[in-house]
Amino acid sequence: MNQTILRLAAIALADVLGNPGPADAKLGKFFRDHRELGNKERAWIAEAVYGVLRRRSFLAYLAGNEDPRRLLVAWLVRVQGNSLRELDELLNQQQKEWAQEIKAKSTEGLSLAVQADLPEWLWQRLEAQYGAEEALAIARSMHKPASLDLRVNLVKSNREEVLARFLSEKAAAEVTPYSPTGIRLPQRMSINRHPFFTDGKIEVQDEGSQLLALLVAPRRGEMIADFCAGAGGKSLALGALMRNTGRLYAFDISEKRLHNLGQRLKRSGLSNLHSQVISSESDPKLKRLNGKFNRVLVDAPCSGLGTLRRNPDLKWKQTPEDIAELVAKQTAILNRAAKLVKAGGRLIYATCSLLAAENEQVAEAFLAAHPQFKLVNAAEILAQQQVALDTGAYLKLLPHQHETDGFFAAVFELAAA
């Protein structure tokens, strides 16, 4: 790399830190504006920007402020471990002086929140929930980027065929520890031009998300609803588990997200999936479907704090007020989705959050308000699906333990008529 690339990385970082909007969208626009950059240069800039976002409070302490150029120098010296000699041609004279100061700075006595690289309010919540030691282990596990997890589409292939293909291409592929349809690639391979991807034999999906589809445990010929489908990763996994039988509805308030699902659906070979835009959880269109579904999945809008390996900017953008708003929304969606469940059917509530406020507390409040539903043990359902994973009555996945995103899920069953 050279001084020009470092300067461009600082411009990209300044935009991500200083303006609202997701980091990946900001970087996408930055690269569209700088089409002269090659793949290696883009990869380096993206890695640098995400590297700073992951360790922002630690780097700001070392740098003395949040100047993007100083943060990048601190990242190069203290996170990447580059020596001043290695950086000689990359840094100008002023940056070399910064690098020397940063290298010499002691980190003794740093607060736990700074060590965890979390805002103070979030650190306090995680520490109260998990204890300081485990909270720190969770936070540090999210300083590393996520691996690339794939789900094999059983409608078109099997795990043995896909694994053999990647190993023949010298990719360091391995099976996922828990999901029977997952393959893990440690390096960030570009997968979207791979023939198995374009043929619909594989989809990119975190193992935690794959396990959530297995927790829904749909059976052939059933009526299933994915109530907050988004771009449809779980909908596609559910359709494959149903072996393309029955009827699967994917509901979402975003036409754009459902359009993206349409693109993926074409590749998947599924014909049992029907997507439908709704105005909100109380859309009158839903009334005719009350009491019709065997399974209803609510993968609720949430803080996303379990996905910080992929989206490190989220931790700096969320506030306690945002969490309170989300909890109200999660509760309203869950209450409405419950009406869709038929007698003896199941409602599955899930988030990719680590916070009890969005997880256990929402589940417990739902059960208290809906005595006709009972909690079903998640570990028992997974065992029936041949998944050897026991996190108790709720599914609770943590990055440092399970090498997945942080996920929570609760399964409620409606009393039979």
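Above this note sits the structure.
Residues numbered from 1 in each chain as written. Predicted model: local features only at pLDDT ≥ 70, side-chain atom pairs only at ≥ 80, totals over all residues. Heavy atoms only, no water.

Caption draft 1: Seen up close, the overall build of the protein chain. Helix and strand content of the protein chain: 19 helices and 12 strands. What you see for the protein chain is a C-alpha radius of gyration of 23 Å, in line with the 22 Å of a compact globule of 417 residues. The C-alpha extent of the protein chain, read off along each of the three principal axes, is 75 × 45 × 40 Å. Taken over 417 residues, the protein chain has a buried fraction of 54%. Of the contacts made within the protein chain by residues no fewer than 6 positions apart, 72% connect residues no fewer than 24 positions apart. Each charge sign in the protein chain was given a centre, from 55 positive and 47 negative side chains, and these centres are 6 Å apart. (Helix = DSSP H or I, 4+ residues; strand = E, 2+ residues; numbered from the N terminus. Rg over C-alpha atoms; globule rule 2.2 N^0.38 Å. Buried < 20%, exposed > 50% of the residue type's maximum accessible area, 1.4 Å probe, protein only. Contact = heavy atoms within 4.5 Å. Lys, Arg positive; Asp, Glu negative; His and termini not counted. Charge placed at Lys NZ, Arg CZ, Asp CG, Glu CD.)

Caption draft 2: Just the sheet that holds strand 3 (residues 182–185), in detail. As summarised here, the arrangement of the four strands in space is 2-3-1-4, forming an open sheet in which the pairing is antiparallel. In this open sheet, the two strands that pair with only one neighbour each are strand 2 (174–175) and strand 4 (202–204). The sheet contact formed by strand 1 (residues 148–152) and strand 3 spans four bridges and is antiparallel. Note on strand 3: the bridge partner recorded for L148 is L185. (Pairing = 2+ DSSP bridges.)

Caption draft 3: Examining the packing of aromatic side chains more closely. For the structure shown, the criterion picks out eight aromatic pairs. Taking 5.8 Å as the distance between ring centres and 10° as the angle between the ring planes, the aromatic pair formed by Y249 and F251 counts as stacked. Classification of Y249 as buried rests on a relative accessible area of 10%. Pairwise contacts between aromatic rings join F227, Y249, F251 and F293 into one cluster. Note that R267 overlies the ring of F197, its terminal NZ or CZ placed 4.2 Å from the centroid. (Phe/Tyr/Trp six-rings, centres within 6.5 Å; stacked < 30°, edge-to-face > 60°. Lys NZ or Arg CZ within 6 Å of the ring centre and 35° of its normal.)

Caption draft 4: The nonpolar core, seen in detail. The biggest cluster of nonpolar side chains holds 40 residues, and the ones touching the most others in it are W44, I45, V49, L59 and L72. Put simply, the parts of the chain that give this core at least two residues each are helix 1 (3–18), helix 2 (23–33), helix 3 (39–54), helix 4 (56–63), helix 5 (68–79) and helix 6 (93–104). Setting aside anything within four residues of it in sequence, one finds L59 in contact with G51, V52, L71, A74, W75 and V79. By size, the runner-up hydrophobic cluster in this structure holds 35 residues, among which are L212, L297, V376 and L382. (Core = buried A, V, L, I, M, F, W, Y, C linked by side-chain atoms within 4.5 Å.)

Caption draft 5: Structural detail: the environment of G233. Assignment of secondary structure puts G233 in helix 13 (residues 233–241). For G233, a relative accessible area of 19% translates into the label buried. Each C-alpha atom of the pair G233 and L397 lies 18 Å from the other, and the pair is 164 residues apart in sequence.

Caption draft 6: Fine view of the pairing of strand 8 (residues 293–299). Among the seven residues in strand 8, seven count as buried, and that is most of the element. Here three bridges tie strand 5 (residues 223–226) to strand 8, and the two strands are oriented parallel to one another. Its bridge partner lying in strand 8, D226 is registered against L297.

Caption draft 7: Summary view of the packing of helix 1 against helix 3. The contact between helix 1 and helix 3 brings their axes to 9 Å, and the two run at 45°. If you check the angle between helix 1 and helix 3, you find them oblique. Every pair of crossing elements has a handedness; the one defined by helix 1 and helix 3 is right-handed. Here I5, L6, L8, A9, A12, L13, V16 and L17 of helix 1 lie close against helix 3, whose contacting residues are E41, W44, I45, V49, V52 and L53. (Axes fitted to C-alpha atoms, helices over the stretch in contact; angles between N-to-C directions. Parallel < 35°, antiparallel > 145°, perpendicular 65-115°, else oblique. Left-handed = near helix turned anticlockwise from the far one by under 90°.)

Caption draft 8: Fine view of the side chain of E207. Relative to the elements of secondary structure, E207 occurs in helix 12 (residues 207–216). Judged by its relative accessible area of 0%, E207 falls in the buried class. Sequence-distant contacts of E207, defined by excluding residues within four places in its chain, comprise D149, T176, P177, Y178, S179, R184, H402 and T404.

Caption draft 9: Quick look at unusual backbone geometry. Positioned with a positive phi, D117 is a non-glycine residue whose angle comes to about 55°. Within the secondary structure, D117 is located in the loop between helix 7 (112–116) and helix 8 (120–130). In this structure D117 comes out as buried when scored by relative accessible area, which is 0%.

Caption draft 10: Here's a closer look at the pattern of salt bridges. Enumeration over the complete set of coordinates arrives at 25 salt bridges. Notably, a salt bridge pairs D117 with R55, separated by 2.9 Å at the nearest N-O pair. Taken together, the residues D117 in the loop between helix 7 and helix 8 and R55 in the loop between helix 3 and helix 4 connect sequence positions 62 residues apart. Note that R309 is salt-bridged to D405, the shortest N-O span being 3.0 Å. Of this pair, R309 sits in the loop between strand 8 and helix 15 (314–317) while D405 is found in the loop between helix 19 (399–402) and strand 12 (407–414), placing the two residues 96 residues apart along the sequence. The exposure classification of R309 matches that of D405, with both residues buried. (Salt bridge = Lys/Arg side-chain N within 4 Å of Asp/Glu carboxyl O.)

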